[in-house]
Amino acid sequence: MADERQLVVSLALKAQGYKSEISKINKETKLLQSEFDKARGSSEDFEDSLEGQEKKLELLNGTLDNAKKKVSIYSREVERCETTLESATKAYEDQKANVADLERQLANAKATYGSTSQEVADLESKLELANKSLEKSQRAVIGADNELLSLKTTLNKAESEVNQLSRQINDTTNRIQEFEDGIDEAGQSLQEMAEDLIDATGEAVAFGAHMSELGQGIMDVGDKIGGAGSSILSSLNEANQKAIEFNQSVNQLKASAGLTADEFEDIDGVIDSIYVKNLGESYEDVADSVAFIYKNLGYTGEKLQGVTEKALSLRDVFDYDVAESTRAVDTLMKQFGLTADESFNLITQGAQSNLDISGELLDTINEYSVHFYQAGMSAEDMFNILKNGADSGAYTIDKVADAFKEFNIIAKEGSEDTDAVLKKLGFSGKEVAENMASGGEKARETFFGIIEALGAVEDEQKQTLYGVELFGKMLCRIQIVQNR
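The following paragraphs examine the structure supplied in this document. Being a predicted model, the structure only gives us computed values, none of them experimental. (Residues numbered from 1 in each chain as written. Predicted model: local features only at pLDDT ≥ 70, side-chain atom pairs only at ≥ 80, totals over all residues. Heavy atoms only, no water.)

## Some remarks on the overall build of the protein chain
Our working rule: Only DSSP runs of H or I reaching four residues or more are called helices, and only runs of E reaching two or more are called strands; each is numbered from the N terminus. Each residue is assigned to one of three classes by its accessible area relative to the maximum for its type, calculated with a 1.4 Å probe on protein chains only: buried under 20%, partly exposed between the two thresholds, exposed over 50%. For this analysis, residues touch if any pair of their heavy atoms sits within 4.5 Å. For the area figures, the Shrake-Rupley method with a 1.4 Å probe applies, and any residue is considered shielded solely by the protein chains shown.
Along its length, the protein chain carries 19 helices and zero strands. By the burial criterion, 43% of the 484 residues in the protein chain qualify as buried. Of the contacts made within the protein chain by residues no fewer than 6 positions apart, 71% connect residues no fewer than 24 positions apart. Counting every atom, the protein chain has about 25400 Å² of accessible surface; 47% of that belongs to carbon and sulfur.

Pasting the structure below:
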């Protein structure tokens, strides 16, 4: 049947459409963040002011709206993909029934007309075409099912982001209320201190120490205290503000990570150690980053500090969100057995090599690493394949990764057409399927061997036809790998 492959083509075209929608929303979110960053640059203590918290609330509300839009899009795409899978499954079942019917007709024709009759020859030809169509419809079902699983995973992540943003909005709203309550209390305290100051000018230095504990209102009455007292007030005020900011960050870290007092002892020095290196935009920013990495990777001590520093540096240079880059690092560690340092280094090298022009490097790592690992590839192999594909004209690296994934599926399943192409390249379809299914070094050597054989085909038209059969239509536009 001609519709099975069209189901896959339709799925790919629609997927490209929703990815454009998501990309647009991500750009809008980045614009919101840039506007907040611009406002934050106007003051060193911006995020510890009422204005800063109000601006942060605006950012969080805008980001939450965009996250909800993404959830809506992914939910829609899951429904669409489920419909596509249902259609593909029905087409497969119909074609399977058609093959069974032709087999019965063929058996009857042989009994009635003889094995060498024209009627038998015609039915054998029809059965051959029907079996090829059955293989393609089966591939359509597998492709739709894989797409559905991927979308459901992405939807879960998007819903988790909405929940996290909702909690952050609630925390920020509470903090704004604390600021407003504090302003009222500070105004009352300042009035009381101003009245007391008239009767206590002889105790200016001691009074200054008392005021540093209150924190608010120091500078407003500082000019009423003697020179020595003013100097002490100035230094105490600065130390007091630093202490307040650090304590707020510590409390935020404890709350967000759900730490007990004993657990916190393992990491209580990490925030300060990172902040004094001028990493992060504030104590709170560093605390948020430490909390996320602690919760998701379980690191403590020097390892927690090192990973957090690398994530913050990656954000400063390439504008990667700490949460997103850390997830990609975690994926590389779990799939390929890398260390955190090795994973960060690969991501940095990939970004420096222009692999993230379309903004999909981290998503590609998270989505496709498992397919490269199953095919016996190392993390370095994966990045080299993505790099060579990008250099050869792929407009997004996820298309390169998708072509590799398609090869892995086609090679494992096998078909008459695939076996024929592999035979022309000097390979046994059965051995290729077994090697790719087994993974490890056999799968890796098989893949690169096929690539080398494909690259040695001098007839460009044949090379393209062979490539499309093995890698899908994306190979018309890209050369997935040029060398090891």
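Let us keep going from here.
## Considerations on the environment of E342
Structurally, the position occupied by E342 is in helix α12 (residues 340-352). Through-space distance from the C-alpha of E342 to that of V329 is 8.8 Å; in sequence the pair is 13 residues apart.

## Structural notes on the pattern of salt bridges
Note the following rule: We define a salt bridge as a side-chain nitrogen of Lys or Arg found within 4 Å of a carboxyl oxygen belonging to Asp or Glu.
In this structure the tally under the stated criterion is 16 salt bridges. For E77, the salt bridge is made with R80, and the minimal N-O distance between the two is 2.5 Å. Of this pair, E77 and R80 both sit in helix α2 (residues 50-113), three residues apart, roughly one helical turn. On the basis of relative accessibility, which here comes to 13%, the residue R80 falls in the buried class. The partner of K132 in a salt bridge is D417, with the nearest N and O atoms 3.8 Å apart. Here K132 is found in helix α3 (residues 118-198), whereas its partner D417 is found in helix α16 (residues 416-424), with 285 residues between them in sequence.

## So, α16
Here is the rule we go by: The directions from the helix axis to the C-beta atoms are what the arc is built from.
For α16, the set of buried residues is T418, V421 and L422. Around the axis of α16, the buried residues are gathered within 100° of arc, so they sit on the same side. Exposed and facing more than 90 degrees away from the buried side of α16 are K423 and K424. Just downstream of α16, G426 is the residue with a positive phi angle, here 95°.

## Here's the deal with the packing of helix α13 (residues 361-374) against helix α15 (residues 397-413)
Which entries qualify depends on this criterion: What counts as an axis is a line fitted to C-alpha atoms, over the stretch in contact for a helix, and the angles between N-to-C directions run from 0 to 180 degrees. The labels follow the angle: roughly parallel below 35 degrees, roughly antiparallel above 145, roughly perpendicular from 65 to 115, and oblique for the rest. Should the near helix be turned anticlockwise from the far one by less than a right angle, the crossing is termed left-handed; should it be turned clockwise, right-handed. The residue classification treats Ala, Val, Leu, Ile, Met, Phe, Trp, Tyr, Cys and Pro as nonpolar and Asp, Glu, Lys and Arg as charged. All others, Gly included, are polar.
Across the interface, α13 lies against α15 with an axial gap of 10 Å and an inter-helix angle of 20°. Our classification of the angle between α13 and α15 gives roughly parallel. Crossing angle aside, the handedness with which α13 passes α15 is left-handed. Packed against α13, whose contacting residues are L361, T364, Y368, H371, F372 and Q374, the element α15 presents I397, D398, A401, D402, F404, K405, N408 and K412 at the interface. A class-by-class count of the residues in the contact of α13 with α15 yields six nonpolar, four polar and four charged.

## With respect to helix α11 (residues 322-336)
Test applied: Between the first and last residue of a helix there are one fewer steps than residues, each counted as 1.5 Å, and that sum is the expected span. Each polar contact in these results corresponds to two N or O atoms within 3.5 Å; when the atoms are within protein, one needs to be able to donate a hydrogen and the other to accept it, and residues that are neighboring in sequence are counted only if both atoms are side-chain atoms.
The end-to-end C-alpha distance of α11 is 21 Å, a good match for the 21 Å that 15 residues give at a rise of 1.5 Å each. With 11 of its 15 residues buried, α11 lies for the most part within the structure. Considered for burial, the residues of α11 that qualify are V322, A323, S325, T326, A328, V329, D330, T331, L332, M333 and F336. Among the structural elements, α9 (283-297), α10 (301-318), α12, α13 and α14 (379-391) are those in contact with the buried residues of α11. Of the residues that open α11, the one with a side-chain oxygen 3.0 Å from the backbone nitrogen of A323 is D321. Where α11 ends, the next residue or the one after it, G337, has phi of about 70°, a positive value.

## Things to note about the packing of aromatic side chains
Stated precisely, the cut-off is as follows: Stacked, tilted and edge-to-face are the three classes assigned to paired rings of Phe, Tyr and Trp, where Trp is represented by its six-membered ring and a pair needs centres within 6.5 Å; plane angles under 30 degrees give stacked, over 60 edge-to-face, the rest tilted.
One pass over the full model with this rule turns up five aromatic pairs. With a centroid separation of 6.3 Å and 80° between ring planes, the pair formed by F336 and Y373 is classed as edge-to-face. Taken together, the residues F336 in helix α11 and Y373 in helix α13 connect sequence positions 37 residues apart. An angle of 10° between the planes, with centres 4.2 Å apart, marks the rings of F372 and F404 as stacked. Within this pair, whereas F372 is found in helix α13, its partner F404 is found in helix α15, the two being separated by 32 residues in sequence. For F372, a relative accessible area of 0% corresponds to the buried category.

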